[in-house]
Structures are given as C-alpha cells and as structure tokens.
Amino acid sequence: MTNEQAAAQKIQRGDKVEVKSTGYQGVVADIQYVHNRYQLTDVSGWQYGIDNIQRLTK
C-alpha cells in the first residue's frame, strides 16, 4: 500500500463511523491524528483512541 492509498483510507471529518468498543455509530465532527483523538457530532468532548473507530462510509 502506498502512502497515498493509506492517506485516502484515513477517517476524515464527515465520515460515518462505529466505535468498536461500544457499537455506537455517529459522524466525525473533527479528528486529530497528531493527538490520537476525535469528536463525534452527538457526543460531547474529545474521545481518545482513533484505532477504536472504524469508518462505515467511503
């Protein structure tokens, strides 16, 4: 896999995701790979552990 392919697979703002540990589904409001955190539109505050979410949309 090239770096371009890896970048294209990254979760981005607006993607629908599922939190693996809870099964909660939501939309990413913001994501910061440098700090390993993300925000969902209907959840207050930063959530940590980007590896705990998986994208449901392409």
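In the block above lies the structure referred to throughout.
As the structure is a prediction and not an experimental result, all values here were calculated from the model. (Residues numbered from 1 in each chain as written. Predicted model: local features only at pLDDT ≥ 70, side-chain atom pairs only at ≥ 80, totals over all residues. Heavy atoms only, no water.)

Draft legend 1. Seen up close, the overall build of the protein. Scanning the protein from terminus to terminus reveals one helix and five strands. Helices and strands appear in the protein in the N-to-C order α-β-β-β-β-β. Relative to its 58 residues, the protein shows a buried fraction of 24%. Taking the contacts inside the protein whose residues are at least 6 apart along the sequence as the reference set, 29% of them involve residues at least 24 apart. (Helix = DSSP H or I, 4+ residues; strand = E, 2+ residues; numbered from the N terminus. Buried < 20%, exposed > 50% of the residue type's maximum accessible area, 1.4 Å probe, protein only. Contact = heavy atoms within 4.5 Å.)

Draft legend 2. Structural detail: the nonpolar core. With nine residues, the main nonpolar core is built from Ile 11, Val 17, Val 19, Val 28, Ile 31, Tyr 38, Leu 40, Ile 50 and Ile 53. Looking at this core, the elements that each hand over two or more residues are strand 1 (16-19), strand 2 (25-32) and strand 3 (37-40). Setting aside residues up to four positions removed in sequence, Ile 50 forms contacts with Ile 31, Gln 32, Tyr 33, Asn 36, Arg 37 and Tyr 38. (Core = buried A, V, L, I, M, F, W, Y, C linked by side-chain atoms within 4.5 Å.)

Draft legend 3. The arrangement of the sheet that holds strand 1 in detail. With antiparallel pairing, five strands are arranged side by side in an open sheet as 4-3-2-1-5. At either end of the open sheet lies a strand with only one pairing partner, and these are strand 4 (47-48) and strand 5 (53-55). Pairing geometry for strand 1 and strand 5, over three bridges, is antiparallel. The partner of Val 17 across the bridge, within strand 5, is Arg 55. (Pairing = 2+ DSSP bridges.)

Draft legend 4. Main features of the pattern of salt bridges. All told, the structure shown has two salt bridges when counted by the stated rule. Here Asp 30 makes a salt bridge to Arg 13, at a shortest N to O gap of 2.8 Å. Of this pair, Asp 30 sits in strand 2 while Arg 13 sits in the loop between helix 1 (3-9) and strand 1; the two residues are 17 residues apart in sequence, bridging distant segments of the chain. Relative accessible area serves as the criterion here: at 18%, Asp 30 is assigned to the buried category. For Arg 13, a relative accessible area of 59% gives the class exposed. One salt bridge connects Asp 15 with Arg 55, and the closest N-O pair in it is separated by 3.7 Å. Of this pair, Asp 15 sits in the loop between helix 1 and strand 1 while Arg 55 sits in strand 5, placing them 40 residues apart in sequence. On the basis of relative accessible area, Asp 15 is assigned to the buried category, the value being 9%. The class of Arg 55 is partly exposed, set by a relative accessible area of 28%. (Salt bridge = Lys/Arg side-chain N within 4 Å of Asp/Glu carboxyl O.)

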